[in-house]
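Tertiary structure, described
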Amino acid sequence: MNCPYCRHLDSRVIDSRTADDGAAIRRRRSCPACGRRFTTQETVILMVGKRSGVTEPFTRDKITRGVRRACQGRPVSEDQLAILAQRVEDTIRARGCAEVPSHEVGLAILGPLRELDEVAYLRFASVYRGFESLADFEEEIATLRSGHGNGWRDGYQDTERSAAEPGAAPGGPAPGGPVAAAGPGLAAAVPAAAASAGAEHDPARQEQRASAR
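In short, a report on the structure. (Residues numbered from 1 in each chain as written. Predicted model: local features only at pLDDT ≥ 70, side-chain atom pairs only at ≥ 80, totals over all residues. Heavy atoms only, no water.)

**Looking at the sheet that holds strand β3 (residues 37–43)**
- As summarised here, the arrangement of the three strands in space is β1-β2-β3, forming an open sheet in which the pairing is antiparallel. The open sheet has two edge strands, β1 (12–19) and β3, and neither has a second partner. Averaged over all neighbouring strand pairs, the angle between strand axes comes to 25°, with direction disregarded.
- Of the strand pairs in this sheet, strand β2 (residues 24–30) and β3 are connected by seven bridges, and their pairing is antiparallel. Bridged to Ser30 within β3 is Arg37. (Pairing = 2+ DSSP bridges. Helix = DSSP H or I, 4+ residues; strand = E, 2+ residues; numbered from the N terminus. Axes fitted to C-alpha atoms, helices over the stretch in contact; angles between N-to-C directions.)

**What about helix α3 (residues 102–116)?**
- Compared with the 21 Å implied by 1.5 Å per residue over 15 residues, the 22 Å span of α3 between its first and last C-alpha is a close match.
- Residues of α3 that are buried make contact with β4 (47–49), α1 (60–70), α2 (78–93), β6 (99–101) and α4 (118–128). (Expected span 1.5 Å × (residues − 1). Contact = heavy atoms within 4.5 Å.)

**As for the pattern of salt bridges**
- Applying the stated criterion to the full structure yields ten salt bridges.
- One salt bridge connects Glu78 with Arg68, and the closest N-O pair in it is separated by 2.9 Å. Of the two residues, Glu78 is situated in helix α2 and Arg68 in helix α1; the sequence distance between them amounts to ten residues.
- Linking Arg129 and Glu140 is a salt bridge whose minimum nitrogen-to-oxygen distance equals 4.0 Å. (Salt bridge = Lys/Arg side-chain N within 4 Å of Asp/Glu carboxyl O.)

**Some thoughts on the sheet that holds β6**
- With mixed pairing, three strands are arranged side by side in an open sheet as β5-β4-β6. Each of the sheet's edge strands pairs with one partner strand only, and the pair in question is β5 (55–57) and β6. Neighbour to neighbour, the strand axes of the sheet diverge by 30° on average, direction disregarded.
- In this structure, β4 lies alongside β5, joined through three bridges in antiparallel fashion. In the sheet register, Gly49 faces β5, and the bridge partner there is Thr55.
- Most of the contacts of α3 go to β6, to which it runs at about 75°, and overall it touches β4 and β6.

In C-alpha cells:
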C-alpha cells in the first residue's frame, strides 16, 4: 500500500479492526519513509451482473442517482436516499453472493422505495417493470391500496389480489377506478395521455383486456 503523503511504495500495518459488523476490516498503517500514519479499509467487492454479460462493482451512488430521478419533485431528502441505498446494499450482501444479477438489485430497491414514497415507487416501477398501459398502473395502485404482495408482475412472489379493494362500493370498484380512488398523489404519477385513454371502464373493454392477457 503506497503512502498517500510521500508516495512511498510500502507501509506497515500497526493495528487491524473489524468494521460494518464484520463486513470490512480497517487497518492503521505507518509509512517507514516519512513516519506518518493513515487508515485503510478492506471490503469484499460486490459485483453486479448486467443482462449484456458485463459485470461491474456495486455502488450506492448508482442506486441513489436512479432513485433520485424517481423522487424528483417529491418530499424526499438526501439523507433518506442515502438510507435507502444502505438498505439495498444490506439486502444484497445478506444473500452471501459475490455477484448478483442486476434485476435483483432493482427488486431490492422496490420495497424500501414503496415505504419511502408511493408516487416515486410508481414512477420507478413503471420503468423498471415496463408498464405498457393504464391497466398496469391501475393494477399496481390497487395492490398498493390493499397492502398485498410486492406489486405488479413480481416473478419472485405470487400476489393474490382481492376482488374488492377496501373502501370500494359493494359489487364493483370505487367510482373512477383505482387511479381516482387512490387520491391525487398517486393519480398524478400516471401519464395524462394514458389516464384519458383509460377513463372508460366499460365491460366490453375489460373483457377484451382480460382475453388479451
